[in-house]
Amino acid sequence: MRLDRTAVLAAAVVLLFFVSVLLGSYTVTIPDFFTIVANHLTGGAKIPGASFIVMENKLPRAVVGTMTGIAFGLAGALFQTMLRNPLASPDVIGISFGASAAAVVAIVLFGAAGAVVSGAALTGALAVAGLIYAISSGGKLRRTGRGNAAGNRLVLAGVGIAAALQAVVSFLMTRADIRTAADALVWLNGSLNSASWDRAGVLFLALTVLVPAVTFIAGPLRILELGDDAAAGLGIRVNTTRLILVAIAVSLAAVATAAAGPVSFVAFLSGPIARRFTGKASLPASAFVGALIVLAADYFAANLAPLLLGGTVLPVGVITGVLGAPFLLWLLVTANRKDA
Amino acid sequence: MSTTTARPAGGTGTQVPAWAPTGPLPGDASGRKRAAWLLAAVVVLVLLAGASLAVGARDVPLGTVWQALTVFDPTNGDHAVVHARIPRTVLGLLAGGALGLAGAAMQGVARNPLADPGIIGVNAGAALVVVIGIYVFGVTTFSGYIWFAFLGAATAAVVVYLIASLGRDGATPVKLALAGAALSAGLSSLMNVILVSSQDTLDRFRFWQVGGIAGRDWSVLLPGLPFLAAGALIVLLAGRILNSLALGDDIARGLGQRVVLSRAVTVLGIVLLCGTATALAGPIGFVGLVIPHAVRFLTGPDYRWVLPFSLTAAPALLLAADIIGRVVLLPGEVPAGIMTALVGAPVFVWLVRRGKGASL
């Protein structure tokens, strides 16, 4: 039953992927699409216009979108499960703000763009995650014995750092030239507008390492859900496992943020939706839901929103927020279980 | 069974089990220690308020500050400077206290350490309506912003609470936190739709967004006072309620607490406090989120101590941040909304590190 539902989600991702590549403001027929891709790979003749739009714009955009969604979905589900807190997601515990602060510093103070911003975001996310982990694991942490104390400290440290970084971002926004501030705002919302094959390649490499790592850690994670003491009793090395989990989840969020900016809500929303749809907490389902959200939102942002707003291509993160919020509220209202 | 055992359930009880939170005994050493800490915090706050009048781009000796307050001479430039600093000091005290109280109460109501006053949507609601005010009605002044901000804050909070209340169990902590987070994210995305398409609006909004207590005069402050007073009264009286809610809804019900009603009233107080604070000072993060946690390291989880401590510590942080912000980038100023986080974060991180697994 669960496998079926997860498969449905996977099929929906594939379907939506092709919808976003083939349809929209520029329509490509299916035979044309295969001709374009085949010719691109074999170096054959190009179809004027269509080849460029598909290979340089629509396809990389959809590929980056899919992988970003998978990474955010997995990262969010990992955090929420590990910390046993539905509010815990990379943005709440500070990692996205690390990326944002570094990116805004790069954009505003150094006038950076493109790959430099991505690199800064990645560095910022990882540095902040390392800082948070160092803060929360030092001191008198060892064997506090009480339930999820280490997790709580991780969250609190993250919250403190996130607040400070957010202040830095707001301040830089007031200091910047207004046009730079507007650019930074687009990045801060999460956008696929500058998706490219380079970015897709980096993201793909990262995912080929991280996704197998997630499947490897999924078993211990399930035991860790029972509580630190129970897990230790069952022979799990709690601290080591948690360190590995944090490292994987942070890396997922960091590479996704570097590729597309902190697309709001995807990490936060994927887990609850996947659970609602499949009936139980499921990492693969969360990944597929993440991809679905990003693809659907970006299709809307790139193709439908400009019609309503006189040509403004919205950042995808704006759509995930605007459409994601009512959806989560609906989930909450209709959920008949006590815990959402 | 006989009459001596505490009855576990039912709404009849004035009878309270022995383990229920009660007041500190008269000779209670920890109670006296906490009272001493509270006194120390009040002294620090008074000193900071004095410093807030004296320190700035133009430093005024403390003696002159005292003169300006007691025998005001309008022709004396120093006196005028001090008088100009009074509203911002008062606003620092009011907004800081409101945010600290609201934050502590919010974490209790939502039973979630990640909950801050913003989690019920006040910041996002206020921000969206302010952006609409700028974009549609061309509002440009702080006194113009307040009513938009208050309208947005109150509406968002009510909507969050209503959504969380739907369904069988009423506004459970998880539903409240999730509904708030969801609505906040949605509202700020709507706001970003406007900001991305209108650079002029972004240009004005980004200065409101940082939050601060400078540049507001009495005409901005005074309308907020009744709301703040009502909210503070409600929340300060809610300490016992929060203590029993912290034990979980079922136990609280068993203690004779009318869970749904008391939670609704507490949330009303929170909304009045942080909605008004946001209207007056813009969205100031960190204070409401972090001060209650910092306070718990001193007081333990008893809300009857956490609330007054938060009421004292939060304005101290806000004033300290504002004072540092005045001198750190002379001749310019760094808004208090920025400095609170920069000043507070290291302290908070230090507390987290040395604490023994903070929990609610």
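## Comments concerning the overall build of chain A
Point 1. What chain A contains, in helices and strands, is 13 helices and zero strands.
Point 2. Rg of the C-alpha trace for chain A: 20 Å, near the compact-globule value of 20 Å for 340 residues, within the 12% margin.
Point 3. For the C-alpha atoms alone, the extent of chain A along its principal axes is close to 65 × 55 × 40 Å.
Point 4. Here chain A, with 340 residues, has 54% of them falling under the buried criterion.
Point 5. A sequence separation of at least 24 residues applies to 75% of the contacts in chain A between residues at least 6 apart.

## Description of the nonpolar core
Point 1. If you look at the biggest cluster of nonpolar residues, it comprises 237 residues, and the most contacted ones within it are A:Ala75, A:Ala253, B:Ala95, B:Val130 and B:Leu273.
Point 2. Beyond its immediate stretch of four places on either side in the chain, A:Ala253 contacts A:Phe72, A:Ala75, A:Pro90, A:Ile95, A:Ser96, A:Ala125 and A:Ala267.
Point 3. Membership of the second largest hydrophobic core comes to five residues, among which are B:Leu53, B:Ala54, B:Val65 and B:Ala68.

## Side note on the environment of B:Gly215
Residues and elements named next belong to chain B.
Point 1. Within the element layout of this structure, glycine 215 appears in the loop between α7 (199–209) and α8 (218–221).
Point 2. A count of 14 C-beta atoms within 10 Å places glycine 215 in the partly exposed class.
Point 3. As for glycine 215 and alanine 281, which are separated by 66 residues in sequence, their C-alpha atoms are 9.7 Å apart.

## So, helix α3 (residues 50–83) of chain A
Residues and elements named next belong to chain A.
Point 1. With 34 residues, α3 ought to run about 50 Å at 1.5 Å a step, and its terminal C-alpha atoms sit 47 Å apart, in line with that.
Point 2. By the largest-angle criterion, leucine 59 marks the main kink of α3, which is about 30°, and a proline, proline 60, follows within four residues.
Point 3. Of all the 34 residues making up α3, 27 are buried; the element is thus mostly covered by neighbouring parts of the structure.
Point 4. One or two residues past the end of α3 sits arginine 84, with phi positive at roughly 50°.

## Side note on the confidence of the model for chain A
Residue and element names in this part refer to chain A.
Point 1. Here chain A averages 80 in pLDDT, and 90% of its residues register 70 or above.
Point 2. The least confident element of chain A, judged by mean pLDDT, is helix α6 (residues 149–175) at 77; the most confident is helix α4 (residues 95–110) at 86.
Point 3. Throughout residues 139–147 the model reports pLDDT below 50, and contacts reaching past four residues in sequence, or to other chains, amount to eleven contacts.
Point 4. Confidence drops under a pLDDT of 50 for residues 336–340, and excluding neighbours within four residues, the segment shows eleven contacts in the predicted structure.

Cut-offs applied
Residues numbered from 1 in each chain as written. Chains lettered and ligands numbered in written order. Predicted model: local features only at pLDDT ≥ 70, side-chain atom pairs only at ≥ 80, totals over all residues. Helix = DSSP H or I, 4+ residues; strand = E, 2+ residues; numbered from the N terminus. Rg over C-alpha atoms; globule rule 2.2 N^0.38 Å. Buried ≥ 20, exposed ≤ 12 C-beta atoms within 10 Å, placed from the backbone. Contact = placed C-beta atoms within 7 Å. Core = buried A, V, L, I, M, F, W, Y, C linked by C-beta atoms within 7 Å. Expected span 1.5 Å × (residues − 1). Bend = angle between axes of the 7 residues up to and from the residue. pLDDT = per-residue confidence, 0-100.

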